[in-house]
Amino acid sequence: EELLKRKGVPQDVIEIESQSWNTMQNAYYCWPILARLGVGSVKLVTSEFHLPRSRYLFEATFAALAASEGRPSPLLEGHPAPTPPPAKEDKAINAMTVAERLEQERVFISEKIVPRFLPTHIPGFPVAPLSDVRLQQALAEVESLLSACRAKR
């Protein structure tokens with residue numbers, strides 16, 4: 001919110017979604033806001049290491065919501081934000097290097113996203129996986145970022 005205000009976005013047009021505890025819930029709770037505003041496209045901005053997974057989860061959640069409500073899903077465009085190196089006082093995921101975070105994302109996408117995350121992370125609203133091709137695309141995006149990260153060492 002503060003960044004948007006510093007960039008000149010008026011306070012009265014900023015909508016804050018504050019109910020979610022995870023990426024899928026964020027998509028789920030943004031849906032009614034987007035519908036109320038008549039939004040046809042979304043720019044998803046998140047850390048570069050998190051973008052492939054976030055896009056996949058937003059796309060899957062939006063597709064499930066669109067199907068359940070009989071209306072089109074907004075177009076989704078991803079915009080990576082640079083991830084700063086960890087600071088000395090950082091803990092947990094924030095203390096990891098970008099390469100370590102990407103490796104964690106690779107495992108998450110390849111092993112956990114379909115069997116564990118999609119069916120359970122929105123209580124009462126299981127989300128069907130997208131095509132295997134789309135899942136492999138998300139995984140390839142992480143692998144590409146990981147390769148670029150390793151090449152910089």
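A brief structural summary. (Residues numbered from 1 in each chain as written. Predicted model: local features only at pLDDT ≥ 70, side-chain atom pairs only at ≥ 80, totals over all residues. Heavy atoms only, no water.)

Things to note about helix 3 (residues 51-69)
Turning to step 1, where the next piece is worked out: Between its first and last C-alpha, helix 3 extends 26 Å over 19 residues, near the 27 Å set by a 1.5 Å rise per residue.
Turning to step 2, where the next piece is worked out: Immediately beyond the C-terminal end of helix 3, within one or two residues, lies Gly-70, with a positive phi of roughly 65°. (Helix = DSSP H or I, 4+ residues; strand = E, 2+ residues; numbered from the N terminus. Expected span 1.5 Å × (residues − 1).)

Brief notes about the nonpolar core
Proteins that are soluble and globular tend to have nonpolar side chains buried together.
Turning to step 1, where the next piece is worked out: By size, the foremost hydrophobic cluster in this structure holds 34 residues, and its most contacted members are Met-24, Tyr-56, Leu-57, Phe-62, Leu-118 and Val-127.
Turning to step 2, where the next piece is worked out: Here the element with the most residues in this core is helix 3; it accounts for 9 residues.
Turning to step 3, where the next piece is worked out: Discounting chain neighbours no more than four positions away, the residues touching Phe-62 are Ala-27, Trp-31, Leu-34, Val-42, Ser-73 and Pro-74. (Core = buried A, V, L, I, M, F, W, Y, C linked by side-chain atoms within 4.5 Å. Buried < 20%, exposed > 50% of the residue type's maximum accessible area, 1.4 Å probe, protein only. Contact = heavy atoms within 4.5 Å.)

Structural notes on the packing of aromatic side chains
Turning to step 1, where the next piece is worked out: All told, the structure shown has 5 aromatic pairs when counted by the stated rule.
Turning to step 2, where the next piece is worked out: When the ring of Tyr-28 is compared with that of Tyr-29, the centres are 5.2 Å apart and the planes differ by 80°; the resulting orientation is edge-to-face.
Turning to step 3, where the next piece is worked out: For Tyr-28, a relative accessible area of 25% corresponds to the partly exposed category.
Turning to step 4, where the next piece is worked out: Note on Tyr-29: relative accessible area 25%, which makes it partly exposed.
Turning to step 5, where the next piece is worked out: Between Phe-58 and Phe-62, the ring centres sit 5.5 Å apart and the planes meet at 75°, which makes this aromatic pair edge-to-face. (Phe/Tyr/Trp six-rings, centres within 6.5 Å; stacked < 30°, edge-to-face > 60°.)

Details of the pattern of salt bridges
Pairing between side chains of opposite charge can happen when the charged atoms of each approach one another.
Turning to step 1, where the next piece is worked out: Considering all chains together, one arrives at 10 salt bridges under this definition.
Turning to step 2, where the next piece is worked out: Salt-bridge contacts for Glu-59 lead to Arg-134; the nearest nitrogen and oxygen are separated by 2.7 Å. Residue Glu-59 is found in helix 3, and its partner Arg-134 is found in helix 5 (residues 132-151); the two are separated by 75 residues along the sequence.
Turning to step 3, where the next piece is worked out: Since its relative accessible area comes to 21%, Glu-59 is described here as partly exposed.
Turning to step 4, where the next piece is worked out: Across the salt bridge formed by Glu-103 and Arg-150, the nearest N and O atoms sit 3.6 Å from each other. (Salt bridge = Lys/Arg side-chain N within 4 Å of Asp/Glu carboxyl O.)

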